[in-house]
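Architecture and fold: a report
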Amino acid sequence: MDEKKSFFELLDPKSAMVVGLVGGLLSLGTVGFVVLGVIMLKGDSVAVANTPANVQLAQNNEPAPPPIVPKSDKPKAELFVMSYCPYGLQMEKAYLPAWDLLKKKADIDIKFVSYAMHGEKEVVENTVQYCIQSEQNDKFQNYLKCFTGSGNTESCQTSAGISKSKLNSCVAATNKKFAILDKLKDQSTWLSGQFPIYPIHEGLNDQYGVQGSPTLIINGTEVQIARTPESVKQAICAAFNDAPAECDQTLSNNSYDPGFGTALSLNAGGAVAPGCGT
């Protein structure tokens, strides 16, 4: 009776070599899959282990809540701008309707950033507006509404009924008091050697930390809001101890395009809205 031979004994040398190579490759493949599986499982474990740390990091990096604006019987709203800043003009157009609504209930005005980014024309216009607001205040809102719409200071002075002689006298005295034109001519005094200093409200700029245009300060606290009349109204009304009946009126929730003009914008602008600043 013949002895039974194994599969490998039945193979000739060449076939045995081929089978051996295939078997070796299959064995390596199996080991590779096992190793890959272990790596993947470890990777999942690392990801899961890191998840709480990542969540905690995200929580730690959350933006700070907005500052609380102190309340008062008569809130003080101060909008700091550069007179030719497109975004300052955009905010002024939102500011004016709220100002008109609340002018008898709150202390509302325009102030100027302590440097100018739009050349000599801005320095001159800042002073014109400062003087109109200081000495012909009852005409300032009409002037500003005209100027933000057209950018034509001469025609807006005429349409608002501004006394040119009174204005010119104030401008000359203000330039002398604050050395505005001297600073304009002396580039060594400019901010970063690029932007003329505009010193009229420099102390308040430092006090409030004003860095650019527009910056809205209510009761000494900076607030960042959408650039719409209703948003401005709500921000001022929230600062009353006892809000007046005017606060029940609803103003427009539309914003204007940046720059001169009266066209409406699709973007109201919020906390990250652009501005003019260094």
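Keep in mind the model is a prediction, meaning the values are calculated, not measured.

Some details on the nonpolar core
Core analysis: the biggest nonpolar cluster contains 51 residues, and Tyr-95, Ile-110, Ile-218 and Ile-236 have the highest contact counts within it. Top element by residues in this core is helix α3 (residues 86-102). It accounts for 9 residues. Counting 10 residues, the second-largest nonpolar core is a separate cluster that includes Cys-85, Phe-195, Val-210 and Ile-217.

Topic: helix α5 (residues 140-150)
The set of residues buried in α5 consists of Phe-140, Gln-141, Tyr-143, Leu-144, Phe-147 and Thr-148. Down the axis of α5, the buried side of the element spans an arc of 155°, and every buried residue falls inside it. α5 presents Asn-142 and Lys-145 as exposed residues on the side facing more than 90 degrees away from its buried surface. Looking at the buried side of α5, the elements it contacts are α3, β2 (107-112), α4 (119-135) and α6 (153-159). Looking one or two residues past α5, Gly-151 carries a phi angle of roughly 75°, positive in sign.

Considerations on the environment of Ser-155
Relative to the elements of secondary structure, Ser-155 occurs in helix α6. Given the relative accessible area of 35%, Ser-155 is considered partly exposed. As for Ser-155 and Tyr-143, which are separated by 12 residues in sequence, their C-alpha atoms are 9.4 Å apart.

A few points about the sheet that holds strand β1 (residues 76-81)
Pairing is mixed in the open sheet, where 4 strands are placed in the order β2-β1-β4-β5. Here the strands that pair on one side only, and so sit at the sheet edges, are β2 and β5 (221-223). Across the sheet, the axes of successive neighbouring strands diverge by a mean angle of 30°, strand direction being ignored. Relative to β5, strand β4 (residues 215-218) runs antiparallel, the two sharing 3 bridges. Paired with Ile-218 across the two strands is Thr-221, which belongs to β5. In this fold α3 packs onto β1, β2 and β4, with an angle of close to 160° to the strand it touches most, β2.

Calculation criteria
- Residues numbered from 1 in each chain as written.
- Predicted model: local features only at pLDDT ≥ 70, side-chain atom pairs only at ≥ 80, totals over all residues.
- Heavy atoms only, no water.
- Core = buried A, V, L, I, M, F, W, Y, C linked by side-chain atoms within 4.5 Å.
- Buried < 20%, exposed > 50% of the residue type's maximum accessible area, 1.4 Å probe, protein only.
- Helix = DSSP H or I, 4+ residues; strand = E, 2+ residues; numbered from the N terminus.
- Arc of directions from axis to C-beta.
- Contact = heavy atoms within 4.5 Å.
- Pairing = 2+ DSSP bridges.
- Axes fitted to C-alpha atoms, helices over the stretch in contact; angles between N-to-C directions.

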